[in-house]
Amino acid sequence: MSPSSAFRTAIVPAAGLGTRFLPTTKAVPKELFPVVDTPGIELVAAEAAEAGASRLVIVTSPGKDAVAEYFRPQPDLEATLADRGKEALLEKVRRASTLIEVETAIQERALGLGHAVGCAEPNLTGDDEAVAVLLPDDLVLPTGVLIKMAEVRERFGGSVLCAFDVPREEISPYGVFDVDPTDDEDVKRVKGMVEKPKPEEAPSTFAAAGRYLLDRAVFDALKRISPGAGGELQLTDAVALLISEGHPVHVVVHRGGRHDLGNPGGFLRAAVDFALEHPDYGADLLRWLRERIGNP
């Protein structure tokens with residue numbers, strides 16, 4: 001199996017209420033908020049497609065149809081843009097619908113990330129030996145970590161997760177991996193995981209990020225774990241169960257950056273970061289920021 005064919009289906013949990021962005025999310029799902037001019041959900045879909053996925057399963061909640069609808073063709077709009085000769089805009093409008101095949105799974109109640117991933121199981125086929133899970137709030141930069149994760153799965157089998165090396169004094173908000181080394185400095189074998197440890201009690205400085213390449217066995221494990229706090233099923237508990245049963249789990253340590261689109265502060269940082277790199281807006285924005293910071 002080549003890394004590019006290690007998985008064909010990517011799951012994106014997108015059923016949340018977006019409470020940190022209220023009142024805007026009363027009407028607009030946060031996954032559609034534009035990072036400059038491209039919604040976060042499209043950036044994540046493009047990352048999955050780049051890594052070899054041909055199908056995206058968006059786990060959504062009842063009434064939250066706009067996220068999947070974004071990926072549908074818009075013939076009237078496309079015809080209008082074509083008639084007006086707006087080829088560049090037409091290409092942008094068509095981009096999402098040509099990226100990847102999109103379908104949905106419904107999560108009736110918000111019962112945790114593990115429950116959300118489990119809701120996508122009926123969408124899978126017998127060809128899905130593994131699935132990727134991408135959390136749409138996490139932008140992992142530069143893209144490409146899923147490709148490396150697929151290579152690690154090809155070598156070791158099992159499941160592969162993404163990690164960042166976080167300074168120990170900043171480790172407490174994260175799930176932290178207990179690891180053994182391999183012959184690759186950026187690939188570790190996972191022995192266990194600790195949620196939100198005190199810095200002095202953290203088993204490592206490798207913290208979980210929002211990218212997973214999970215063996216199909218995870219869906220059986222999700223059915224065998226018990227709900228945790230708030231009655232939620234945690235994906236990490238299912239992974240921990242697999243580890244206890246001898247299922248190989250590794251992490252790829254990603255040495256790039258990340259943005260958290262799940263809160264306004266992180267979203268603003270992502271927007272500024274992407275805008276500074278934009279050929280149309282970057283130079284003017286940088287000039288304005290220098291003036292603004294110099295004259296608070």
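Residues numbered from 1 in each chain as written. Predicted model: local features only at pLDDT ≥ 70, side-chain atom pairs only at ≥ 80, totals over all residues. Heavy atoms only, no water.

1. With respect to the packing of aromatic side chains
Turning to step 1, where the next piece is worked out: Overall, the coordinates contain four aromatic pairs when judged by the stated rule.
Turning to step 2, where the next piece is worked out: With a centroid separation of 5.1 Å and 85 degrees between ring planes, the pair formed by Phe 21 and Phe 33 is classed as edge-to-face. One end of the pair, Phe 21, is in the loop between β1 (9-13) and β2 (34-35); the other, Phe 33, is in the loop between β1 and β2, and twelve residues separate them in sequence. Here the two residues Phe 21 and Phe 33 agree in accessibility, since each one is buried.
Turning to step 3, where the next piece is worked out: Relative to Phe 71, the ring of Tyr 70 has its centre 5.5 Å away and its plane inclined at 85 degrees; by these criteria the two rings are edge-to-face.
Turning to step 4, where the next piece is worked out: Taken together, Phe 21, Phe 33 and Phe 267 form an aromatic cluster joined through their ring pairs.
Turning to step 5, where the next piece is worked out: Taking NZ or CZ as reference, Arg 258 lies 5.2 Å from the ring centre of Phe 164, over its face. (Phe/Tyr/Trp six-rings, centres within 6.5 Å; stacked < 30°, edge-to-face > 60°. Helix = DSSP H or I, 4+ residues; strand = E, 2+ residues; numbered from the N terminus. Buried < 20%, exposed > 50% of the residue type's maximum accessible area, 1.4 Å probe, protein only. Lys NZ or Arg CZ within 6 Å of the ring centre and 35° of its normal.)

2. Points about the UniProt feature "domain: Nucleotidyl transferase" (unreviewed entry) in the protein chain
Turning to step 1, where the next piece is worked out: Here the UniProt-annotated "domain: Nucleotidyl transferase" (unreviewed entry) positions come out as residues 10-273.
Turning to step 2, where the next piece is worked out: Taken end to end, residues 10-273 is 31% helix and 27% strand, and its two terminal C-alpha atoms sit 26 Å from one another. (UniProt positions renumbered as here; feature names shortened; annotations may be inferred.)

3. Some points on the nonpolar core
Turning to step 1, where the next piece is worked out: Judged by nonpolar contacts, the single largest core of 47 residues is most densely connected at Phe 7, Leu 56, Phe 71, Leu 134, Met 149 and Leu 213.
Turning to step 2, where the next piece is worked out: Among the elements that take part in this core, helix α6 (residues 145-156) stands out by supplying five residues, more than any other.
Turning to step 3, where the next piece is worked out: Within the second largest apolar cluster, 36 residues are counted, among which are Val 131, Val 133, Phe 177 and Phe 219. (Core = buried A, V, L, I, M, F, W, Y, C linked by side-chain atoms within 4.5 Å.)

4. Focus on the side chain of Ser 61
Turning to step 1, where the next piece is worked out: Residue position: Ser 61 is located in the loop between β4 (55-60) and α2 (66-69).
Turning to step 2, where the next piece is worked out: The class for Ser 61 is buried, based on a relative accessible area of 14%.
Turning to step 3, where the next piece is worked out: Engagement of the side chain of Ser 61 in a polar contact is seen with the backbone oxygen of Ala 15, the distance being 3.3 Å.
Turning to step 4, where the next piece is worked out: Residues in contact with Ser 61, not counting those within four places in the same chain, are Ala 15 and Gln 107. (Polar contact = N/O pair within 3.5 Å; in protein donor to acceptor, adjacent residues only side chain to side chain. Contact = heavy atoms within 4.5 Å.)

5. Observations regarding the pairing of strand β9 (residues 175-181)
Side chains on a regular strand alternate between the two faces of the sheet.
Turning to step 1, where the next piece is worked out: Bridging between β9 and strand β10 (residues 187-195) involves seven bridges; their strand directions are antiparallel. Along β10, the bridge assignment pairs Asp 178 with Gly 192.
Turning to step 2, where the next piece is worked out: Counting the residues in the hairpin turn of β9 and β10 gives five residues. (Pairing = 2+ DSSP bridges.)

6. Structural notes on the layout of surface pockets
Turning to step 1, where the next piece is worked out: By volume, the largest pocket is sized at about 1,200 Å³.
Turning to step 2, where the next piece is worked out: If you go around the largest pocket, you meet 38 residues; those closest to its centre are Arg 20, Leu 113, Leu 135, Asp 137 and Gln 234.
Turning to step 3, where the next piece is worked out: Mapped onto the lining of the largest pocket, the elements with two or more residues apiece are α5 (113-118), β10, β11 (206-215), α8 (235-244) and β13 (257-260).
Turning to step 4, where the next piece is worked out: Considering every element that reaches the lining of the largest pocket, the biggest residue donor is β11, with four residues.
Turning to step 5, where the next piece is worked out: Within the lining of the largest pocket, the residues separate by chemical class into 17 nonpolar, ten polar and eleven charged.
Turning to step 6, where the next piece is worked out: Lining the second largest pocket are 18 residues, and of these Leu 17, Thr 25, Lys 26, Pro 29 and Lys 64 sit closest to its centre.
Turning to step 7, where the next piece is worked out: For the lining of the second largest pocket, the class distribution of residues is seven nonpolar, six polar and five charged. (1 Å grid on protein atoms, 1.4 Å probe; cavity = no way out; pocket = protein on both sides within 12 Å on 5 of 7 lines; lining within 4 Å. Points joined across faces, edges and corners; volume = space filled by probe spheres on them. Nonpolar A, V, L, I, M, F, W, Y, C, P; charged D, E, K, R; others polar.)

7. Some remarks on the environment of Ser 159
Turning to step 1, where the next piece is worked out: By the element assignment, Ser 159 lies in strand β8 (residues 159-165).
Turning to step 2, where the next piece is worked out: Here the alpha-carbon distance between Ser 159 and Met 149, two residues ten residues apart in the chain, equals 8.9 Å.
Turning to step 3, where the next piece is worked out: When sequence neighbours within four positions are dropped, the list of residues in contact with Ser 159 reads Leu 213, Leu 214, Asp 215, His 247, Pro 248, Val 249 and His 250.
Turning to step 4, where the next piece is worked out: Side-chain polar atoms of Ser 159 contact the side chain of His 247, separated by 3.1 Å.

8. Overview of empty space enclosed by the protein
Turning to step 1, where the next piece is worked out: With the rule as written, the count across this model stands at one cavity of 30 Å³ or more.
Turning to step 2, where the next piece is worked out: Considering only enclosed or pocket space, the largest cavity measures out at about 70 Å³ in volume.
Turning to step 3, where the next piece is worked out: Lining of the largest cavity is provided by Phe 21, Lys 30, Glu 31, Phe 33, Gly 40, Ile 41, Pro 136, Asp 137, Leu 261 and Phe 267.
Turning to step 4, where the next piece is worked out: Tallied by class, residues from the lining of the largest cavity come to six nonpolar, one polar and three charged.

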